[in-house]
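Structure at a glance
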Amino acid sequence: MLPDTPIRIARNPAPAARNTSGNTAPSRTATRSSASLDTPTGLGGPPARSVAGGQTPAPRNALLPSPPSSHSQQSFYTAASSMPRSSAGSSQISSSLPSQAQSLPAPSALVELPHGNATVPKPPRTTIRDMMARERLRDEARQMYAGLPGGGKVMKRLKERAGRQQPTTVSDRWRARLQGKPQPMEGRRREDFKALVHADVSSLTRTGRIPPLMAVDTIRMAALEGSLANGTLLQDRKLLLDTLDQVAVEQLYRPLKLQVTPETLPEFTDSDVAEKPVQVGSGAYNKVYAVKLKDADGSTIDGIFKPLNTQETGGVAQVSGISRNDPQTAMRNIATVAYARKLGLHVVVDTRLAVIDTGRGPLDPDVGLMMERARGKPAAQTPAHLFRRGDVCEELTKLQLLDHLTGQGDRHGNNYFIHFGADDRAKIAGIDNDQCFGKNVTDPAGIRAIDDDSDTWVLHGTELPPVVDFRMAGTIYALTPQDIREMLADKLKPEEIEAAIQRHQGVKAHIDHLHATGRIIDPADWGLHSTQELMTWENSYVGRAIGKAQARLAEQAKELEKAAAPNHKSW
């Protein structure tokens, strides 16, 4: 796992379960009974969310959870259903109703009562203005959704299931005799139901001429508070809320062609933002925002938010074989973090998916990468003598090895930071891990520029390192092709995974060569002159950084000398 960082520390404590009234209760394990179906009554309290098999669902803020061994539909539904809801029962991602709707008290039918002997909290005082606002929004949602042909495919399906569970008409009784009691919507039934929800969202978007996220919230409000929900099963309504959460995420991810997996579900939303994001500049191809996130203790932590683009125009990506129109930037960042975690190379920033409003309003949020804010200074501003420290040499070589393994060709001096902690130990943090894992880079040394190949001049890598320590060598050697396939299977394309395996084999062959020539050192020997003299501009991030720092110093001296020289033209 990556080491503790501001984001990781803030997100690490196991969260307490929060009921819809906003009161916190201790976390507990719940068991789902997939066979039980409720009778169609009024909106009673929904059953507690849980995971099949009685397992406790992973908390939404669990830090860098290990990829599940099986990417089943159930694991995705569990992760998606764990996304928090607002007091009105809506997902934080799809909260697109006007602000007055979001601040309304929760319907009493959706308030989960505390367990044990806890005192039931008093509901917030409701004013006439609140009641009128809620009634108006309820009517608008009901009318808009009811305007769809047949009142919407979803509600039609849910009422048909309720009629078979407790038939009240002759038609219901005949249908119950022919089809039997409704079965739990799992597997293919659940996928079919999700397709109906998608169809209703699309229809509502077209007929109402509203954004997809507003269509999702319209269906949610109609289902929660409108008469359309009367006569439907409580369990089915709960499933509808979960499915709407998933559909909201998919609507946001679709333009980016971003796959929805447990690792790509948004970790941060507007509810986690303490202050409005502020643009702090832009990288070569992306805008960048500074974001203050809420910490568990009420304080704030600093994050960097970078919205995702639908295209990748970087020269490194083009040379590496990354698709211009389907770059999958998020997946490449997540894959880099996974690789670093697998090898124990703590040299890249923690990176998660986030859905944040950057100024266009909640109906048009940005999907992007939320990164911990790297501490220290970029390498391009670090003096040469610091790169001769043993701990800096060690950490920077780790980053170099990771870049060879991931095919990262964009590691210039502004794409990694050097920070010295309270213990004076150096920490390296690589950022912007976008242009990596290209299918064309099968040689681990293929991240460097070649003099007689102008296409590669955009690359910022080096040759393989001239020396590594035995811990680095052992960790890389222990990794198998099967490990790499399992680690990257749900993140990259097959040809990109095979290129990653070839790079790993190349690094292993290089380690064999270093072992044969006596260049596998003890971790305590990074500060030795005999070790550092092997590192050159061409074969080492350390040697290159020293050379560039010396060149900057020489240029500064030249500028000072020029400024101090007498200006004869003014005589």
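Within each chain, residue numbers correspond to sequence positions counted from 1 in written order. Residue-level local features of this predicted model are given only where pLDDT is at least 70; pairs of side-chain atoms are given and counted only at 80 or more, and the full residue set underlies all totals for whole chains, interfaces and linings. To obtain the side-chain values, all non-hydrogen atoms of the structure were used and water was disregarded.

Quick look at the overall build of the protein chain now. Helix and strand assignments come from DSSP, with helices taken as H or I runs of at least 4 residues and strands as E runs of at least 2, each series counted from the N terminus. Check the secondary structure of the protein chain and you find 17 helices and twelve strands. Each residue's exposure class comes from its accessible area (1.4 Å probe, protein chains only) as a fraction of the maximum for that residue type: buried when under 20%, exposed when over 50%, partly exposed otherwise. The 571 residues of the protein chain split such that 49% are buried. The contact rule is simple, with two residues in contact once any of their heavy atoms fall within 4.5 Å. A separation of at least 24 residues holds for 71% of the contacts in the protein chain among residues at least 6 apart in sequence. When the accessible surface of the protein chain is summed, it comes to about 27000 Å², and 52% of that surface belongs to carbon and sulfur atoms. Here the accessible surface of atoms and residues is derived via Shrake-Rupley with a 1.4 Å probe, and residues count as covered only by protein chains that are part of the display.

Here we come to the nonpolar core. Counting residues in hydrophobic clusters, the biggest one holds 52 residues, and the most contacted among them are Tyr 339, Phe 387, Leu 399, Tyr 416, Phe 437 and Leu 488. When contributions to this core are tallied by element, the ones reaching two or more residues are helix H11 (329-343), helix H12 (390-406), strand E9 (416-420), strand E10 (426-430), helix H13 (470-478), helix H14 (481-488), helix H15 (494-516) and helix H17 (541-564). Examining the composition of this core, we find that seven residues originate from one element, H12, more than from any other. Those residues in contact with Leu 488 that lie beyond four places of it in its chain are Ala 335, Phe 437, Ile 497 and Ala 500. Take the buried residues of types Ala, Val, Leu, Ile, Met, Phe, Trp, Tyr and Cys, join any two whose side-chain atoms come within 4.5 Å, and each joined set is a nonpolar core. If you look at the next biggest cluster of nonpolar residues, it comprises 36 residues, including Tyr 145, Met 185, Leu 239 and Leu 258.

This part takes up unusual backbone geometry. The backbone phi angle of Lys 257 is positive, close to 55 degrees, even though this residue is not glycine. Turning to its location among the elements, Lys 257 is positioned in the loop between helix H9 (234-253) and strand E3 (278-282). For Gln 328, which is not a glycine, the phi torsion comes out positive at approximately 50 degrees. Along the chain, the position of Gln 328 falls in the loop between helix H10 (315-320) and H11.

A word on the side chain of Asn 333. Relative to the helices and strands, Asn 333 resides in helix H11. Take Asn 333: its relative accessible area is 1%, and that puts it in the buried class. In the analysis that follows, any N or O atom pair within 3.5 Å is treated as a polar contact, provided that within protein one partner can donate a hydrogen and the other can accept it, and provided that, for residues neighboring in sequence, both atoms belong to side chains. Among the polar contacts made by the side chain of Asn 333, one reaches the side chain of Asp 434 at a distance of 2.7 Å. In this structure, Asn 333 is in contact with Thr 351, Leu 369, Asp 432, Asn 433 and Asp 434, ignoring residues within four places of it in sequence.

Turning our eyes to something else, we now look at the packing of H12 against H13. Orientation of H12 relative to H13, taken along the N-to-C sense of each, is 20 degrees, at an axis distance of 11 Å. Here H12 is positioned roughly parallel relative to H13, judged by the angle of their axes. The two elements H12 and H13 cross, and the hand of that crossing is right-handed. Where H12 abuts H13, its residues Glu 394, Thr 397, Lys 398, Leu 401 and Leu 405 lie against Arg 471, Met 472 and Ile 476. Following the grouping adopted for this structure description, the nonpolar residues are Ala, Val, Leu, Ile, Met, Phe, Trp, Tyr, Cys and Pro, the charged ones are Asp, Glu, Lys and Arg, and the polar ones are all others, Gly among them. Looking at side-chain class alone, the contact of H12 with H13 contains four nonpolar, one polar and three charged residues. Helix axes use the C-alpha atoms of the stretch in contact, all axes being lines fitted to C-alpha atoms, and the angles between their N-to-C directions lie in the range 0 to 180 degrees. Orientation categories follow fixed angle ranges, with anything under 35 degrees roughly parallel, anything over 145 roughly antiparallel, 65 to 115 roughly perpendicular, and all other angles oblique. Crossing handedness: left-handed means the near helix sits turned counterclockwise from the far one by under a right angle, and right-handed means the same turn made clockwise.

Moving on to the pairing of strand E6 (residues 351-356). Side-chain positions along a regular strand alternate between the two faces of the sheet. With six of six residues buried, E6 is to be regarded as a mostly interior element. Judged by which residues are buried, E6 turns out to be covered on both faces: Thr 351, Leu 353 and Val 355 on one side and Arg 352, Ala 354 and Ile 356 on the other are all buried. One requirement defines pairing of two strands: DSSP has to find at least two bridges between them. Bridging between E6 and strand E7 (residues 366-372) involves six bridges; their strand directions are antiparallel. When the bridges of E7 are listed, Ala 354 appears paired with Gly 368.

Further remarks concern the confidence of the model for the protein chain. Per-residue confidence from the prediction method is given by pLDDT, with values spanning 0 to 100. For the protein chain, per-residue confidence averages 79 on the pLDDT scale, and 74% of positions sit at 70 or higher. Low pLDDT (under 50) marks residues 8-92, which in the prediction has 190 contacts with non-local residues, meaning those over four places away or in another chain. Low confidence marks residues 94-121, where pLDDT is under 50. Its contacts with residues over four positions away, or in another chain, come to 56 contacts.

The next subject is the packing of aromatic side chains. Ring pairs shown here join Phe, Tyr and Trp side chains whose ring centres sit within 6.5 Å, with only the six-membered ring taken for Trp; geometry is labelled stacked below 30 degrees between planes, edge-to-face above 60, and tilted in between. A complete count under the given rule lists one aromatic pair for this structure. Centre to centre, the rings of Tyr 339 and Phe 437 are 6.4 Å apart; their planes meet at 20 degrees, and the pair counts as stacked. Residue Tyr 339 is located in helix H11, and its partner Phe 437 is located in the loop between E10 and strand E11 (468-469); the two are separated by 98 residues in the primary sequence. The ring of Trp 174 carries the charged tip of Arg 177 above its face, separated from the ring centre by 5.3 Å. Over the ring of Tyr 477 we find Lys 508; its NZ or CZ atom is 4.8 Å from the centre of that ring. Two thresholds decide whether a charge sits over a ring: the Lys NZ or Arg CZ must be within 6 Å of the ring centre and within 35 degrees of the ring normal.

Here we come to the side chain of Lys 398. By secondary structure assignment, the location of Lys 398 is in helix H12. Judged by relative accessible area, which is 16%, Lys 398 ranks as buried. Those residues in contact with Lys 398, other than ones at most four positions away along the chain, are Leu 345, Val 347 and Met 472.

Judged by pairing direction, the sheet is antiparallel, and its three strands sit side by side in the order E8-E9-E10 without closing on themselves. A single partner strand is all that each edge strand has here, and the edge strands are strand E8 (377-378) and E10. Pairing analysis gives five bridges linking E9 to E10, with the strands arranged antiparallel. Of the residues in E10, the one forming a bridge with Tyr 416 is Gly 430. Relative to E10, H12 is tilted by about 25 degrees, and along the sheet it contacts E9 and E10.

What follows covers the packing of H14 against H15. Where H14 contacts H15, the two axes come as close as 10 Å, and the packing angle between them is 145 degrees. The way H14 lies across H15 gives a crossing that is right-handed. Contacts from Pro 481, Ile 484, Arg 485 and Leu 488 in H14 reach Ile 497, Glu 498, Ala 500, Ile 501, His 504 and Gln 505 in H15. For the contact of H14 with H15, a count of residues per class yields six nonpolar, two polar and two charged.

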